[in-house]
Amino acid sequence: MPDVTLCKVGDVADGAARRFDVDGHRLCAVNLGGRLFVVDDRCSHEDYSLSEGEVWPDECEIECPKHGSTFSLTTGEPQTLPATRPVGVYGVRVEGDDVIVALP
Ligand code: FES
């Protein structure tokens with residue numbers, strides 16, 4: 001699993017999502033109270049960008065902007081239809097000021 005530097009700590013505002021394109025992967029990073037989660041930016045239902053959707057901090061989920069499926073940021077599993085397949089979830093760690101993601 002190659003590790004790549006995704007961004008700097010602070011590049012994603014608390015409670016927000018942001019898209020990053022690294023090494024051919026389209027990723028969605030979400031900051032919940034200083035904890036970063038990274039999932040595939042591509043909805044598993046159709047090709048829409050999850051980072052443009054709404055973040056649900058209490059549920060630790062993000063909502064697809066197109067048809068409203070919500071995805072767990074910890075498991076990638078869809079919590080509501082129409083999506084039925086999970087999105088990828090990536091391991092994240094912070095080194096100094098860098099946010100490092102483990103890619104498959
Ligand atoms: S494209 Fe995401 S729920 Fe349809």
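Here, every reference points to the structure presented above.
All chains use their own residue numbering, which begins from 1 and follows the written sequence. Two thresholds apply to this predicted model, a pLDDT of at least 70 for residue-level local features and 80 or more for giving and counting side-chain atom pairs, whereas whole-chain, interface and lining totals are computed over all residues. Calculated side-chain values reflect all of the structure's heavy atoms, with hydrogen atoms and water omitted.

Draft legend 1. Broad picture of the overall build of the protein chain. The helix count covers DSSP runs of H or I at least four residues long, the strand count covers runs of E at least two residues long, and both are numbered beginning at the N terminus. Per the secondary structure count, the protein chain includes 0 helices and 9 strands. Traced from its N-terminal end to its C-terminal end, the protein chain shows the element sequence β-β-β-β-β-β-β-β-β. Relative to the globule expectation of 13 Å for 104 residues, the C-alpha radius of gyration of the protein chain, 13 Å, shows essentially globular dimensions. Reported as C-alpha extents along the three principal axes, the dimensions of the protein chain are approximately 40 × 25 × 20 Å. Remark: exposure states derive from per-residue accessible area (1.4 Å probe, protein chains only) relative to the maximum for the residue type, with buried under 20%, exposed over 50%, and partly exposed in between. Counting only residues that meet the buried cut, the protein chain has 42% of its 104 residues in that class. The contact definition used throughout considers only heavy atoms, calling two residues in contact when any of these lie within 4.5 Å. Summarising the internal contacts of the protein chain: among those between residues at least 6 apart in sequence, 37% fall at separations of at least 24. Note on areas: Shrake-Rupley, 1.4 Å probe, and residue coverage restricted to the protein chains presented here. When the accessible surface of the protein chain is split by element, carbon and sulfur atoms take 46% of a total near 5,400 Å². When charges are counted, Lys and Arg contribute as positive and Asp and Glu as negative, whereas His and the chain ends are disregarded. Every charge is mapped to an atom, namely NZ of Lys, CZ of Arg, CG of Asp or CD of Glu. Here the protein chain carries 9 positive and 19 negative side-chain charges, and the mean point of each set is 5 Å from the other. It is over C-alpha atoms that the radius of gyration is taken, and the globule rule equals 2.2 Å times the number of residues to the power 0.38.

Draft legend 2. Highlighting the nonpolar core. Cys 28, Val 30, Leu 32, Leu 50, Ile 62, Phe 71 and Leu 73 are the most contacted members of the largest nonpolar core, which totals 15 residues. If we skip the residues at most four places from it in the chain, Leu 73 touches Val 30, Leu 32, Phe 37, Val 39, Cys 60, Glu 61, Ile 62 and Val 89. In these notes, a set of buried Ala, Val, Leu, Ile, Met, Phe, Trp, Tyr and Cys residues joined through side-chain atoms within 4.5 Å is what counts as a nonpolar core. By size, the runner-up hydrophobic cluster in this structure holds 14 residues, among which are Val 38, Val 99, Val 101 and Leu 103.

Draft legend 3. Region of the structure containing the pairing of strand β2 (residues 17-22). Pairing between strands is defined by DSSP: at least two bridges between them are needed. Relative to strand β3 (residues 25-32), β2 runs antiparallel, the two sharing 6 bridges. Each bridged residue has a counterpart across the sheet, and for Val 22 the counterpart in β3 is His 25.

Draft legend 4. Quick peek at the state of the cysteines. Criterion for a disulfide: a pair of cysteine sulfur atoms within 2.5 Å. Taken as a whole and assessed by the stated rule, the structure comprises 0 disulfides. No disulfide involves Cys 7; its nearest neighbouring cysteine sulfur is the one of Cys 28, lying 11 Å away.

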